[in-house]
Amino acid sequence: MKIYKTIHGPVVADRGEFYQLPETDWDVLINRSDHETVITSMTRHGTLIQDFSPEKDALPPIGSQEVWAAGVTYYRSRTARMEEAKSAGGEDFYDRVYQATRPELFFKATPHRVAGCGQNVRIRNDSKWNVPEPELALVVNSLGKIIGYTIGNDMSSRDIEGENPLYLPQAKVYSQSCGLGPGILIRRESLDSQTLIEMEIRRAGKAEFRGQTELANLKRTPEELVEYLFRDNDFPYGCFLLTGTGIVPPDDFTLQAEDEIRITIEPIGTLINKVQC
Ligand code: DO4
Ligand code: MG
């Protein structure tokens, strides 16, 4: 079952139909402990709506939650970052964190920095090398339970991070630096390890880059990442946790204004964002 945030309140998709839910508070909805039952019964009392398009009509699926992210959880990310940080002498840290018991977790965005499906993500004006990072995003309630999944785009300035790993917050956190959406797949069970994460970057209507990875390549479990995030930390409204990227475009690639980024994770949908400078 999937839920979408819209200007008319939450909408649930059930067997090809879309229903507007009576529960209007997104934070309350995310934090219910009995989702499947509550949403199923709400569907019976919800209003059937016509012509709903998740890609066109959904708002970012976020209320008051913070967005956090995990890093260097795929071998591809470790290797690309070791290369990028070499001249700064920082490559060793990426290998160490890939092997370490404690994962890299960092703050990514507050709700106002998030772009939903169909909205623009941004690249920084003071950066020359920018990439999207397509990531599975966990939706976690205030008790630290994963209640569902969405698609995340951890927009990153590779030159800023590569110059010095201590610049990470500037490479990662700025206006519209995070894409999320289109909706939330409500599900307590884990996703299949063969689940594909696919990305296409279109420039002037043509594919400029295509890449894919599968969840089997994620080195850590979602539960392990959430357990570390919730250590001595509380999230009264729940939170989103991006699980890291396994797709890195070649080093001569950088995003340009008007590029279209399409990230697909089949059971969730496709997150589409255009790039704005
Ligand atoms: O270590 C820097 C960030 C890594 C990251 O965002 C990723 O691996 O996805
Ligand atoms: Mg990332």
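Scroll up a little and you will see the structure.
Residues numbered from 1 in each chain as written. Chains lettered and ligands numbered in written order. Predicted model: local features only at pLDDT ≥ 70, side-chain atom pairs only at ≥ 80, totals over all residues. Heavy atoms only, no water.

Caption draft 1: Spatial organisation of the overall build of the protein. Across its full length, the protein holds eight helices and 18 strands. For the protein, whose C-alpha radius of gyration is 18 Å, the value lies close to the compact-globule estimate of 19 Å for 277 residues. The principal-axis extents of the C-alpha atoms in the protein amount to approximately 60 × 45 × 30 Å. The 277 residues of the protein split such that 56% are buried. For the protein, the share of sequence-separated contacts (at least 6 apart) that also reach a separation of at least 24 residues comes to 74%. Carbon together with sulfur atoms contributes 47% to the accessible area of the protein, which is approximately 12400 Å² in total. Of the charged side chains in the protein, 31 are positive and 41 negative, and the gap between their average positions amounts to 1 Å. (Helix = DSSP H or I, 4+ residues; strand = E, 2+ residues; numbered from the N terminus. Rg over C-alpha atoms; globule rule 2.2 N^0.38 Å. Buried < 20%, exposed > 50% of the residue type's maximum accessible area, 1.4 Å probe, protein only. Contact = heavy atoms within 4.5 Å. Areas by Shrake-Rupley, 256 points an atom, 1.4 Å probe, with all protein chains shown as cover. Lys, Arg positive; Asp, Glu negative; His and termini not counted. Charge placed at Lys NZ, Arg CZ, Asp CG, Glu CD.)

Caption draft 2: How the structure looks around the site of ligand 1. Close contacts around ligand 1 come from 16 residues, with V72, S77, E104, K172 and T245 the closest. With respect to ligand 1, the side chain of R81 contributes an N or O atom lying 3.4 Å from an oxygen atom. Coverage of ligand 1 by the protein amounts to 99% of the 280 Å² it exposes when considered alone. Among the secondary structure elements, those contributing two or more residues to the shell around ligand 1 are β5 (66-71), α4 (75-84), β6 (104-109) and α7 (168-172). Grouping the amino acids of the shell around ligand 1 by side-chain chemistry returns five nonpolar, four polar and seven charged. (Near = heavy atom within 4 Å. Polar contact = N/O pair within 3.5 Å; in protein donor to acceptor, adjacent residues only side chain to side chain. Nonpolar A, V, L, I, M, F, W, Y, C, P; charged D, E, K, R; others polar.)

Caption draft 3: Molecular detail of α4. Those residues of α4 lying buried are S77, R78, A80, R81, M82 and E84. Residues of α4 that are buried make contact with α5 (91-99), β12 (156-157), α6 (158-163) and α7.

Caption draft 4: Quick look at the coordination of the magnesium ion (ligand 2). Those protein atoms acting as donors to the magnesium ion (ligand 2) are E133 (OE), E135 (OE) and D154 (OD), and they sit at 2.0 to 2.1 Å. When the donors of the magnesium ion (ligand 2) are listed by position in the chain, the intervening gaps give E-x1-E-x18-D. Taken together, the residues E133 in the loop between β9 (130-131) and β10 (134-140) and D154 in strand β11 (residues 146-154) connect sequence positions 21 residues apart. In this structure, E133 and D154 share a single accessibility class: buried. (Donors = N, O, S within 2.8 Å, 3.2 Å for Na, K, Ca; no water.)

Caption draft 5: Up close: the packing of aromatic side chains. According to the stated counting rule, one finds eight aromatic pairs in the structure shown. Seen from their ring centres, W68 and F107 are 5.6 Å apart, and the 85° between their planes marks the pair as edge-to-face. Taken together, the residues span a long stretch of sequence, with W68 in strand β5 and F107 in strand β6 at a distance of 39 residues. Ring centres of F209 and F253 lie 6.3 Å apart, and the angle between their planes is 40°; on these two criteria the pair is classed as tilted. With F209 in strand β15 (residues 206-214) and F253 in the loop between β16 (239-242) and β17 (260-265), the pair connects residues that are 44 residues apart, well separated along the chain. Taking the relative accessible area as the measure of exposure, F253 reaches 6% and is therefore buried. Through successive ring pairs, a cluster of aromatic residues spans W68, F107, F230 and F235. K219 extends its terminal NZ or CZ atom over the ring of Y98, reaching a point 4.8 Å from the ring centre. (Phe/Tyr/Trp six-rings, centres within 6.5 Å; stacked < 30°, edge-to-face > 60°. Lys NZ or Arg CZ within 6 Å of the ring centre and 35° of its normal.)

Caption draft 6: Expanded view of the pairing of β11. Most of β11 sits inside the fold, with nine of its nine residues counted as buried. Of the pairings in the sheet, the one linking β10 to β11 comprises seven bridges and is antiparallel in character. Paired with L136 across the bridge in β11 is I151. A loop of five residues connects β10 with β11, the two strands running antiparallel in sequence, and G144 in this loop sits at a positive phi of about 85°. Across six bridges, the pairing between β11 and strand β13 (residues 178-186) is antiparallel. By the bridge assignment for β13, N153 is matched with G179. (Pairing = 2+ DSSP bridges.)

Caption draft 7: Focus on the nonpolar core. Ranked by size, the top nonpolar core spans 41 residues in total, and within it L136, L138, I197, L255 and I261 carry the most contacts. If you list the elements that add at least two residues to this core, you get β5, β10, β11, β14 (196-203), α8 (222-229), β16, β17 and β18 (269-276). Setting aside residues no more than four positions away along its own chain, L136 makes contact with Y149, T150, L191, I197, L215, L241, L242, T243, I265 and I268. In this structure, M42, A69, C178 and I186 belong to the second largest nonpolar core, which totals 26 residues. (Core = buried A, V, L, I, M, F, W, Y, C linked by side-chain atoms within 4.5 Å.)

Caption draft 8: Structural view of the state of the cysteines. If you walk through the whole model with that rule in mind, you get zero disulfides. Looking at C239, it has no disulfide partner, and the nearest cysteine sulfur is the one in C178, 12 Å off. Lacking any disulfide linkage, C277 is separated from the closest cysteine sulfur, that of C178, by 18 Å. (Disulfide = S-S within 2.5 Å.)

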